[in-house]
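So you can see what is in the structure, the chains are spelled out below.
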Amino acid sequence: MVKPFVPQLVYFEPRALEYPLGKRLKDKFENMGLEIRETTSHNQVRNLPGDNDFQKYRNAKSTLVVGVRKTLKFDTSKPSAEYAIPFATGCMGHCHYCYLQTTMGSKPYIRTYVNTDEIFDAADKYMKERAPEITRFEASCTSDIVGIDHLTHSLKQAIEYFGKSQHGLLRFVTKFAHVDHLLDAEHNGRTRFRFSINADYVIKYFEPGTSRLPERIEAAVKIAEAGYPLGFIIAPIYLHEGWKTGYGEMLEKLEEALPAFAKKDLTFELIQHRFTQPAKRVIQKNYPMTKLELDESKRKWKWGRYGIGKYVYTNEEQEDMKDTIGGYIDRLFPEARIEYFT
Ligand code: SF4
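A brief look at the structure comes next. Here the structure is a predicted model, which is why all the values come from computation and not from measurement.

### Things to note about the packing of aromatic side chains
Working step 1: Following the criterion strictly, the structure yields 22 aromatic pairs and no others.
Working step 2: Seen from their ring centres, phenylalanine 12 and phenylalanine 29 are 6.4 Å apart, and the 55 degrees between their planes marks the pair as tilted. Of the two residues, phenylalanine 12 is situated in strand β1 (residues 9-12) and phenylalanine 29 in helix α1 (residues 20-31); the sequence distance between them amounts to 17 residues. Of the two residues, phenylalanine 12 and phenylalanine 29, both sit in the buried class.
Working step 3: Plain terms: the ring middles of phenylalanine 74 and phenylalanine 137 are 6.2 Å apart, the flat faces sit at 85 degrees to each other, and that makes the pair edge-to-face. One end of the pair, phenylalanine 74, is in the loop between β3 (63-67) and β4 (76-77); the other, phenylalanine 137, is in strand β8 (residues 135-138), and 63 residues separate them in sequence. Here phenylalanine 74 and phenylalanine 137 have matching classes, each one buried.
Working step 4: Grouping aromatic residues by their ring pairs yields a cluster made of Phe74, Tyr83, Phe87, Phe120, Tyr126, Phe137, Tyr161 and Phe162.
Working step 5: The positively charged end of arginine 58 is found above the aromatic ring belonging to phenylalanine 54, 4.0 Å away from the centroid.

Written as structure tokens, this is what we have:
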């Protein structure tokens, strides 16, 4: 069982202490006896312990930087939401395929932002711009936000903020089961709480440092019982020997565990595995022993964002995934909605 994340080292940017959450976190981490350092900016976080890049990478993933979010312009976040809302970046998980490896470059430490009210004010402007249409905000584009929230509670604040909003909805996804502090949040049904799930093979070989499937399912049941709209992202869908059985068993376990009422308003998002060439280089550097199949010749090339091509499965394989997994979902969860396959 994966324990809730505790950083080995915490850095504070001085401005973070001007905010109530920054002060609270400083007290909290001091009481926990953690090693605390000050830094003028997260870019100055240097001298992370470790003799080589490999060790430094691992140590960075257990380092937390408490800072202030300067850019309050939100990125778009298609297809799951209109905007990405930034509360944190980085993640303590070690999923081999994780896209953060390329986006975070050589600084994979975790950052949490304490100027939550400023972030909410920015969200409010985006909502006003689109009102009366609903605006959806995705909180897990740059981190696994649930995985650190037992320490910061900034996600809990966000859930309650959107709980009171008229035109906003919040959503996020996690591979962590540490959700107890979120069960009593006043969400008012305006947060869709999603869990990322996968076949046993994928979790076992490619998702070290995250909660296992039974723990995620157990947490999902708690979340459903707390009245949250619930969803599952099956990602990355990865072809491996026995994948049809693997994904079938995963969905059967889920069907067995979820209470009947939770199956009525359930969403699924299906995302096939993909990689880019820069990602492949980073993955092979950070996880040299990985079994992850990254052979361009077996894949179909597709234009990606910023002109960087990505390698997805062939059309036939994609159809097979959609039919197989979509078929299981239709059979086991007839009232659920598949939001997209990409
Ligand atoms: Fe990346 Fe999510 Fe795994 Fe964290 S849990 S390493 S964000 S894929």
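### Remarks on the sheet that holds strand β6 (residues 88-89)
Working step 1: The mixed open sheet is built from 5 strands, whose spatial order is β2-β1-β3-β7-β6. The open sheet has two edge strands with one neighbour each: β2 (35-38) and β6.
Working step 2: Two elements, β1 and β3, share 4 bridges in a ladder whose sense is parallel. The residue of β3 that forms the bridge with valine 10 is leucine 64.

### Brief notes about the site of the ligand
Working step 1: Neighbouring the ligand are the residues Cys91, Gly93, Cys95, Cys98, Leu100, Asp144 and Lys175.
Working step 2: Here the residues of the shell around the ligand are counted per class, giving 4 nonpolar, 1 polar and 2 charged.

### A few points about the packing of helix α9 (residues 243-257) against helix α11 (residues 315-332)
Working step 1: At their nearest, the axes of α9 and α11 sit 10 Å apart, and the two run at 25 degrees to each other. Here α11 runs roughly parallel to α9, going by the angle between their axes. Pair α9 / α11 crosses with right-handed handedness. Contacts between α9 and α11 pair Trp243, Lys244, Thr245, Tyr247, Gly248, Leu251, Glu252 and Glu255 from the former with Asp320, Met321, Thr324, Ile325, Tyr328, Ile329, Arg331 and Leu332 from the latter.

### Remarks on the pairing of β2
Working step 1: Pairing of β1 with β2, which is carried by 4 bridges, proceeds in the parallel orientation. Directly across from phenylalanine 12, in β2, lies its bridge partner glutamate 38.
Working step 2: Viewed along the sheet, the connection from β1 through α1 into β2 turns out right-handed.

### Regarding the side chain of threonine 210
Working step 1: For threonine 210, the position within the fold is in the loop between α7 (200-206) and α8 (213-225).
Working step 2: Looking at threonine 210, its side chain comes within polar contact range of the side chain of arginine 216, at 3.0 Å.

### Let's talk about the environment of glycine 147
Working step 1: By the secondary structure assignment, glycine 147 is in helix α5 (residues 145-152).
Working step 2: A sequence separation of 55 residues divides glycine 147 from methionine 92, and the C-alpha atoms of the two residues are 7.8 Å apart.
Working step 3: Ignoring sequence-local partners within four residues, the contact set of glycine 147 consists of Phe5, Met92, Thr174 and Phe176.

### Section: the pattern of salt bridges
Working step 1: Enumeration according to the criterion identifies 25 salt bridges in this entry.
Working step 2: Between arginine 216 and glutamate 207 there is a salt bridge whose closest N-O contact spans 2.8 Å.
Working step 3: The exposure class assigned to arginine 216 is buried, which follows from its relative accessible area of 0%.
Working step 4: Classification of glutamate 207 as buried rests on a relative accessible area of 0%.
Working step 5: Here glutamate 255 makes a salt bridge to lysine 263, at a shortest N to O gap of 3.1 Å.
Working step 6: Look at the salt bridges and you will find they share partners, linking Glu138, Arg171, Arg194, Glu269, Arg337 and Glu339 into a network.

Reading the values: rules and limits
- Residues numbered from 1 in each chain as written.
- Predicted model: local features only at pLDDT ≥ 70, side-chain atom pairs only at ≥ 80, totals over all residues.
- Heavy atoms only, no water.
- Phe/Tyr/Trp six-rings, centres within 6.5 Å; stacked < 30°, edge-to-face > 60°.
- Helix = DSSP H or I, 4+ residues; strand = E, 2+ residues; numbered from the N terminus.
- Buried < 20%, exposed > 50% of the residue type's maximum accessible area, 1.4 Å probe, protein only.
- Lys NZ or Arg CZ within 6 Å of the ring centre and 35° of its normal.
- Pairing = 2+ DSSP bridges.
- Near = heavy atom within 4 Å.
- Nonpolar A, V, L, I, M, F, W, Y, C, P; charged D, E, K, R; others polar.
- Axes fitted to C-alpha atoms, helices over the stretch in contact; angles between N-to-C directions.
- Parallel < 35°, antiparallel > 145°, perpendicular 65-115°, else oblique.
- Left-handed = near helix turned anticlockwise from the far one by under 90°.
- Contact = heavy atoms within 4.5 Å.
- Right-handed = clockwise from strand over helix to strand, strands pointing away.
- Polar contact = N/O pair within 3.5 Å; in protein donor to acceptor, adjacent residues only side chain to side chain.
- Salt bridge = Lys/Arg side-chain N within 4 Å of Asp/Glu carboxyl O.

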